[in-house]
Structure formats: structure tokens, C-alpha cells
Amino acid sequence: MLTKEEIVYWLKEDNPDLLQALWQNAGLVRQNHVGAAVHLRGIIEISNYCQRRCRYCGINATNKTVKRYLMSIEEILQVAQTIQGLGYGTVVLQAGEDFRITCDWVLELIKRIKNETGLAVTLSLGERHPDELEAWHWAGADRYLLKFETANPLLFKKIHPPKNKGVWKNRVDILKFLKEIGYETGSGIMVGLPGQSYEELADSILLFKELDLDMIGNGPFIPHPGTPLGKDNQQRKNPVQQVPNDALTTCKVNALTRIVCPDVNIPSTTALATVDRQQGRESGLMSGANVIMPDFTPLPYRQWYDIYPGRMLLYQTPEEQHALLVQMLRKIGRTVGQGAGASLNYLKRTERVFDS
Ligand code: 5AD
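As the structure is a computational prediction, the values presented were derived from the model and not from experiment.

Draft legend 1. Structural context of helix α10 (residues 247–260). Here α10 is 14 residues long and its end C-alpha atoms lie 20 Å apart, about the 20 Å a rise of 1.5 Å per residue gives. In terms of residue burial, α10 counts as a mostly covered element, since twelve of its 14 residues are buried.

Written as C-alpha cells, this is what we have:
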């Protein structure tokens, strides 16, 4: 187990030869624990309505220039069928905190996806009421993603204007609740938020461990010009402590996360692929990741899910996108994961498999 000091040391390391050892070590841990398989999940961004005012996010409620949409159940099912047709085991349903999305609507959606495709269902619908989270799990939702974004409560508060009670403690409480009621539970952070320090990244990695999470997704913070954090460039104000919001730092966070939490599922995120279009996906996989979540949201909706700028909008058909991914995996000696691809951490903590 790494100490906080060791994690900070590695986060600040810039010597390419030494970093090579970090990637190798993370790769070894990944191989020994979760193997060569890369699990593919199809994401559908089902709504971009949001009642929150997160200061980094392009679809926050105050951004009046965004065209808003909510997909219909039929539209979502059609995409889910495509995802299943490509051989994927999981669909991820993601949205802003949209209360047009009612509890019953999600219940119907989950039941229909389960009946008509058999896919594992991951929900990423924000801070919803515990009763809803529980009802959705009982209806068949397998996993839930809710990022805590930063382990620093003060920074969390700064970038998340409160709704009625939107303080950091609640998000961590929700994560604990999700685990308790049986979800495979995921979280993650943004890397390079204005005002974020190396110590704080280390605290986040240690919090992943403490919470015993099953899935951990990290991406670089990407300034969005239509948001408060995209406008004022606070990053330059404190150059010594400020963590860079680049691909390299994100890969270091991924590698250290893999070493500290060896059994978790880690996606090579779309945000990482956005800041490094050539190598991003691949370098995520080379630094500890074992999941890719390609975006299958149909156009024009995908374009309107504008959480940060530069997301890959080039329209490839799902089949083309899939073929390119498989080609890349083959090139780097990895295989396509089969089945639902549950997190080993989840299987162990729920005693579905035992430590060997
Ligand atoms: N840069 C990077 N990631 C972002 N997200 C939202 N806005 C940004 C941004 N500007 C990520 C957050 C959030 C998820 C929906 O998208 O991690 O949890």
C-alpha cells in the first residue's frame, strides 16, 4: 500500500524513465488482478436537462444557450439494441440531474432494457433520492456512477453551488448508501481543477480505497467557455501547487489508483481521449485502465450533451466506432472483455468470488 507521501511523490515525478516504471507497475497489477480484457460499455446520454449549477459543467442550469433534450424510451431502447448487437454486456444511462426523469419512468426503462436486451444497466443520473435509488436497484439496475470530483470539501463546495443540501458529505453518504443496498458502485474525480493541489489528488486516491469503490473514472478538467470556471483562469494564480489538467497527470492518477485499488474497474475516459486525441484512449489503458465506454448517443443529441468542449463529435456509426476500438485493443495486446464484466472488487466484497 502506498502512503500519501509516496503518492504525492509519484504525482510530481516527471522523469520519463522513472514514469516508465510507474506505467509498468500499474500494468502488472492490472494484469495480475483483472487480466488483459478490456470491457466495453455503451453510453447513452439520455437527457441534458439539469437543475444543478456546477461551475465547471457546460450543461449546468444557468447555461441558456444549450439546446435541451430528453430521449424517449423507444429511442433509448433502439440504441440499447444496437449496443447489444455489437456484443456489449452493459449499457450506461447518463443524464444531468433532471427531474423530468421520474422514478417511474426510469423503472419502466430499466425493466424494458432488461427484458428486451438482457444488458447489465449502469445508471449515472446524479444525486437522486435514496428511495428512488433503491427502487431502481430492485427493478434490475446493476451499477451506479456518482463522482465526488474532489476529496477536498472546500473545493467541492466552491465548484458546486448548493441545491437544498448539496454539500460534499452527502455525495460520499450517497456512495456508501449505494454500496449498502447492493449496487456495484463507481466514483471518480476531475484532475486539474482550478485550485487543486497534489496533496488533494493523493487524498482522493486514498478516499477511493477507504470507500472500497468498485469502479473509478478519472478525467482531466476541461475548461468550458460558457461556465464560470471556464472563464476565469485561476489556474495560473498558484503555479507551484496547481495540478495540471493534462493527459499525463490523469494517467498518473489512473496508475496510482490501480496500484492502490487493484481489483477495481477503471475506464480510460472520454475526457482523457479529448485532451489527447491521438493517444488518450490508449495511454489510459497502458496506465491501469481496463474499461472503455464509447458514446452511442445519437446525433444531434450527442452534440447537445456539451459538458465540456471538444468531445469527439465526428460521426462514426456505432459499427465503425467499435471496429476502430477493437483494432486499437489488438495493437496493444489486449482482448475484448466478454459478458457483463462486473468489477472484481464488487465480486469479492459481495463474496461472489474469493481471494485466491
Ligand atoms: N471537464 C471535465 N469533466 C467534466 N465533467 C463535467 N464538466 C466537465 C469539465 N468541464 C464531468 C464530471 C461530471 C461528469 C458528468 O462529467 O466529472 O461528473
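Continuing now.
Draft legend 2. Quick peek at the packing of helix α2 (residues 16–34) against α10. The contact between α2 and α10 brings their axes to 9 Å, and the two run at 45°. As the angle between them shows, α2 and α10 are arranged oblique. Like other packed secondary-structure pairs, α2 and α10 cross with a definite hand, here left-handed. In this structure, α2 contributes L19, L22, W23, N25, A26, V29, R30 and V34 to the contact, and α10 contributes L248, C251, K252, A255, L256, R258 and I259. When the residues that make up the contact of α2 with α10 are grouped by side-chain class, the tally is eleven nonpolar, one polar and three charged.

Draft legend 3. Spatial organisation of the pattern of salt bridges. Across all of its chains, the model carries 16 salt bridges by this definition. In this structure, D14 engages K252 in a salt bridge whose closest nitrogen and oxygen atoms are separated by 3.4 Å. Note that D14 is positioned in the loop between α1 (4–12) and α2 and K252 in helix α10, a separation of 238 residues in sequence. For K252, a relative accessible area of 3% gives the class buried. Note that R128 is salt-bridged to E132, the shortest N-O span being 3.0 Å. Across the pair, exposure class does not vary: R128 and E132 are buried alike. Salt bridges sharing partners connect three or more residues here, namely R52, E97, E127 and R171.

Draft legend 4. The arrangement of the environment of V253 in detail. Mapped onto the fold, V253 is located in helix α10. Spatially, the C-alpha atoms of V253 and A202 are 8.4 Å apart, while their sequence positions differ by 51 residues. When neighbours within four sequence positions are excluded, V253 is seen to be in contact with L11, I189, V191, L201, I205 and N218.

Here is what the cut-offs are and how they apply
Residues numbered from 1 in each chain as written. Predicted model: local features only at pLDDT ≥ 70, side-chain atom pairs only at ≥ 80, totals over all residues. Heavy atoms only, no water. Helix = DSSP H or I, 4+ residues; strand = E, 2+ residues; numbered from the N terminus. Expected span 1.5 Å × (residues − 1). Buried < 20%, exposed > 50% of the residue type's maximum accessible area, 1.4 Å probe, protein only. Axes fitted to C-alpha atoms, helices over the stretch in contact; angles between N-to-C directions. Parallel < 35°, antiparallel > 145°, perpendicular 65-115°, else oblique. Left-handed = near helix turned anticlockwise from the far one by under 90°. Contact = heavy atoms within 4.5 Å. Nonpolar A, V, L, I, M, F, W, Y, C, P; charged D, E, K, R; others polar. Salt bridge = Lys/Arg side-chain N within 4 Å of Asp/Glu carboxyl O.

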